[in-house]
Structures are given as structure tokens and as C-alpha cells.
Amino acid sequence: MGRYPDTEPYDQGMLDVGDGNRVYWETCGNPHGKPALVLHGGPGSRASPGLRRYFDPDAYRIVLLDQRGAGRSTPSAADHTTDMSVNTTAHLMADLERLRAHLGIERWLVWGVSWGSALGLRYAQTHPGVVSELVLTGVTTGSAPEVALLTRGLGKLFPEAFERFVGELPAGERDGNLAAAYNRLLESPDPDVRERAARAWTDWETAIVPAPPGSVARFQDPEFRRGFARTVTHYWGNDHFLGDGEGVDEGVVLRDAHLLKGIPGTLVQGSLDLGNLLGIVWRLRHAWPDSELTIVDEAGHDAGAVGDDALVAATDRYARGGG
């Protein structure tokens, strides 16, 4: 089956979302088709052209955006003067609502990858009336245990890389929240400190997440590297700004999975995605009866060609009105 051929945007723009931020958006496919919103990962990545290809361009009105501070949105998180206090999950969800109103869309399918899956889940939980379906891959929920696993926990699997990762931090910062410690370096007034921290952070991500071709190359771009590392650590160091999760071991998104009742969903996950070590995707599937889960054997965070087939099959089915 595979993904659909690439399609170019028929419309695009910069949406003023307040706080001095302008968010890049584009629409592709059929202007009169079923609306679908695409949420990229990171936080701090960007909407790549390949994400358009998970949808039949004859059936869908495909909407992509670069989230605050990322990609073509302005101001960039790579600029040290950019105010990150107005870049939170609540701000991102408000941006989605502004974009939906701007485009005159009543309801849309939400497609998310990695961090985009957590954002999509929380958006559906807080705005259930505007989400028709969810299609998610590389699933994460943004919980504190997931962050702890992806920073400190995987050190036992990647000891050499972890030694380098922790070694870049001041000695007094190595025992607490590693993402928050790195974020403090990335907010340093010293550009050399920021650059070393950005390089060390992306080296760690490269070590723990076997990536598809082209993904690692983006970390060689100093501007992308700075903005990405700054945004990821800003979110990871602050529990993804997902509300009051105190005393909630599984995180707010999994706790509130019952709020997804009535929203059909498809989850596609690689069996070797290291985030699976906590069993989050299985627990989410069982807490959300309207969802289905496809596990792709011998695949990682990127579910590969088999995962692509499952994702396209899901969007094709939802285009036909199948739940």
C-alpha cells in the first residue's frame, strides 16, 4: 500500500496567535474534503512534507502547522530572546482552536506522531466536540515517568552515551530532573554554554531513538538543534505543562483516558519503541475502548513501512466514515 504521493499546499499563511507569536500553517489535498489536522513531534520539530502523505489528497483537506517557536513559526525558539513562558501545552491547544476557527472547520481528524500524539490526546480530552477521530503513532502521553525513562532510565541500556550526556551537566545538577538541568544550560546567557548543551542533548536523543534516514541530519543544523533542544527540555522539564499531575503516577493524559469515550482512535506502535518499556500504549488502549492498537514487530519509534501501511489504512477507513 504505502503512503500517497506528495502533494503541494494549495494555501498557506502565518496566523497571529497572540503573545507576539505567528504560527505557520498550510492546507493540502481537497479543499472540500474531510478536514485532518497533523501534529508534529518534538516538541520543537516541524511539519515535514512527508506527513502529508498519510492522507488521500482526493478525500482529505490536510492541515499542517509548525507549533509555536518551531519550524517556520515566529519567533523561533532558537533565538535566545524568545519568551518561552508563552509556549506551553495550553498555548498550543489555544493555537489549534484559533487555526480551526480561521479555516472555518467544525470538526477534524487529529493525526499525531510522538509528542504530537500526547498533544492530540490532550486536545481531544479538553475539546472532544471538535475531534472526529484520532490517528497516533510513536505514542507518548507526556507523563513524568516517560520523561524519567527517556533521560535517566535508559542510561542502563546506553551506559557510554549516558556517561557523556550526564557529564555535560554541572556536578550538582546530575541527580535531579535531567531535562530541567539541561534547560537551565540552554537558557544560559553564554552562547557557548547553550551550544554545548544543545549538541549534548541531541547526541543523547540520537543514541536512544534509532531514527529514520534524514532525521539525524537535521541535528547538524545549529539553528534547528538549538531550537529543538531548548523546546524539548522546556516541556520535559515542566511535566509537559499538562496540568496538575501530582500524585498521578501514570500522568494526566492516561488518567483522563475516559474523556476520549466516543472518539474512534487508531494507535500504531513499534514493538521496539523504547517508550513501550512502561506499557503506556497498552494501558491507553485498554482505558480507551473506542481505540484499536497495531503493534509493528521489530520496529522502533518510527514504525517503518508496515506502520505506514497501518496509518494509511486508518485514514482511508475514516475517510469512508468507518469507525
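Our structure is the block above this text.
Predicted, not measured: the structure shown is a model, and the values here were computed from it.

Engineer: For the side chain of aspartate 273, give the residues involved together with the corresponding values.
Structural biologist: Tracing the sequence through the fold places aspartate 273 in the loop between strand E7 (265–270) and helix H9 (280–287). One buried charged side chain, aspartate 273, makes no salt bridge at all; its nearest oppositely charged neighbour is arginine 218, positioned 13 Å away.

Engineer: For the packing of helix H5 (residues 178–186) against helix H6 (residues 191–208), give the residues involved together with the corresponding values.
Structural biologist: Packing of H5 against H6 leaves a shortest axis separation of 8 Å and a crossing angle of 145°. For the pair H5 and H6, contact is made by Leu178, Ala179, Tyr182, Leu185 and Leu186 and by Val193, Arg194, Ala197, Ala198, Ala200 and Trp201, respectively. Here the residues of the contact of H5 with H6 sort into 10 nonpolar, no polar and one charged.

Engineer: Lay out H9 in plain terms, naming residues and giving numbers.
Structural biologist: Side chains three or four residues apart in an α-helix point the same way, a direct result of the helix having 3.6 residues per turn. Taken together, the buried positions of H9 are occupied by Ile280, Val281 and Leu284. On an axial view of H9, the arc spanned by its buried residues comes to 95°, and they lie on one face. Looking at the buried side of H9, the elements it contacts are helix H2 (115–126), helix H3 (144–151), helix H8 (252–255), E7 and strand E8 (291–296).

Engineer: I'd like to hear about the pairing of E8, residue by residue, with values.
Structural biologist: Two elements, E7 and E8, share six bridges in a ladder whose sense is parallel. Paired with leucine 267 across the strands is leucine 293, a residue of E8. The handedness of the E7 to E8 crossover, carried by H9, is right-handed.

Engineer: Would you mind going over the pattern of salt bridges in detail, with residue names and values included?
Structural biologist: Taken as a whole, this structure holds 19 salt bridges when the rule is applied. Across the pair aspartate 6 and arginine 52 runs a salt bridge, and its minimum N-O distance is 3.6 Å. With aspartate 6 in the segment before strand E1 (11–18) and arginine 52 in the loop between strand E3 (34–39) and strand E4 (60–65), the pair connects residues that are 46 residues apart, well separated along the chain. Classification of arginine 52 as buried rests on a relative accessible area of 6%. Note that glutamate 160 and arginine 164 form a salt bridge whose closest N and O atoms lie 3.5 Å from each other. Placement of the pair is glutamate 160 and arginine 164 together in helix H4 (residues 159–167), with a separation of four residues, close to one helical turn.

Engineer: So what's going on with the environment of serine 45? Residues and values would help.
Structural biologist: Looking at where serine 45 falls in the secondary structure, it is placed in the loop between E3 and E4. C-alpha separation for the pair serine 45 and threonine 231, spaced 186 residues apart in sequence, amounts to 8.9 Å. At 2.8 Å, the side chain of serine 45 and the side chain of arginine 218 are in polar contact.

Engineer: Could you give an account of H5, naming the residues involved and the relevant values?
Structural biologist: Counting buried positions along H5 yields eight of nine residues, so the element is predominantly enclosed. Every buried residue belonging to H5 is among Leu178, Ala179, Ala180, Ala181, Tyr182, Asn183, Leu185 and Leu186, and all of these are buried. On its buried side, H5 packs onto H3, H4, H6 and helix H7 (222–236). The opening residue of H5 is asparagine 177, an N-cap whose side-chain oxygen sits 3.0 Å from the backbone nitrogen of alanine 179.

Engineer: I'd like a rundown of the packing of aromatic side chains, residues and numbers included.
Structural biologist: On inspection of all chains with the given rule, the structure shows 14 aromatic pairs. Feature note: the residues Phe162, Phe165, Tyr182, Trp201, Trp204 and Trp236 constitute an aromatic cluster, connected by ring pairs. Above the ring of phenylalanine 228, the side-chain terminus of arginine 218 is found at 5.3 Å from the ring centroid. In this arrangement the basic side chain of arginine 317 is found over the ring face of tyrosine 318, its NZ or CZ atom lying 5.1 Å from the centre.

Engineer: Just give me the short version of unusual backbone geometry, but keep the residues and values in it.
Structural biologist: Following glycine 42, the chain continues to proline 43 via a peptide bond in cis, the omega torsion being -5°. Assignment of secondary structure puts proline 43 in the loop between E3 and E4. Across the junction of threonine 74 and proline 75, the peptide omega takes the value -5°, indicating a cis bond. If you trace the backbone, proline 75 turns up in the loop between E4 and helix H1 (89–103). Even without being a glycine, serine 114 presents a positive backbone phi close to 55°. With respect to the helices, strands and loops of the structure, serine 114 is situated in the loop between strand E5 (108–113) and H2. A positive phi angle is found at histidine 240, which is not glycine, with a value near 60°. Locating histidine 240 in the fold gives a position in the loop between H7 and H8.

What counts as what
- Residues numbered from 1 in each chain as written.
- Predicted model: local features only at pLDDT ≥ 70, side-chain atom pairs only at ≥ 80, totals over all residues.
- Heavy atoms only, no water.
- Helix = DSSP H or I, 4+ residues; strand = E, 2+ residues; numbered from the N terminus.
- Buried < 20%, exposed > 50% of the residue type's maximum accessible area, 1.4 Å probe, protein only.
- Lys, Arg positive; Asp, Glu negative; His and termini not counted.
- Salt bridge = Lys/Arg side-chain N within 4 Å of Asp/Glu carboxyl O.
- Axes fitted to C-alpha atoms, helices over the stretch in contact; angles between N-to-C directions.
- Contact = heavy atoms within 4.5 Å.
- Nonpolar A, V, L, I, M, F, W, Y, C, P; charged D, E, K, R; others polar.
- Arc of directions from axis to C-beta.
- Pairing = 2+ DSSP bridges.
- Right-handed = clockwise from strand over helix to strand, strands pointing away.
- Polar contact = N/O pair within 3.5 Å; in protein donor to acceptor, adjacent residues only side chain to side chain.
- Phe/Tyr/Trp six-rings, centres within 6.5 Å; stacked < 30°, edge-to-face > 60°.
- Lys NZ or Arg CZ within 6 Å of the ring centre and 35° of its normal.

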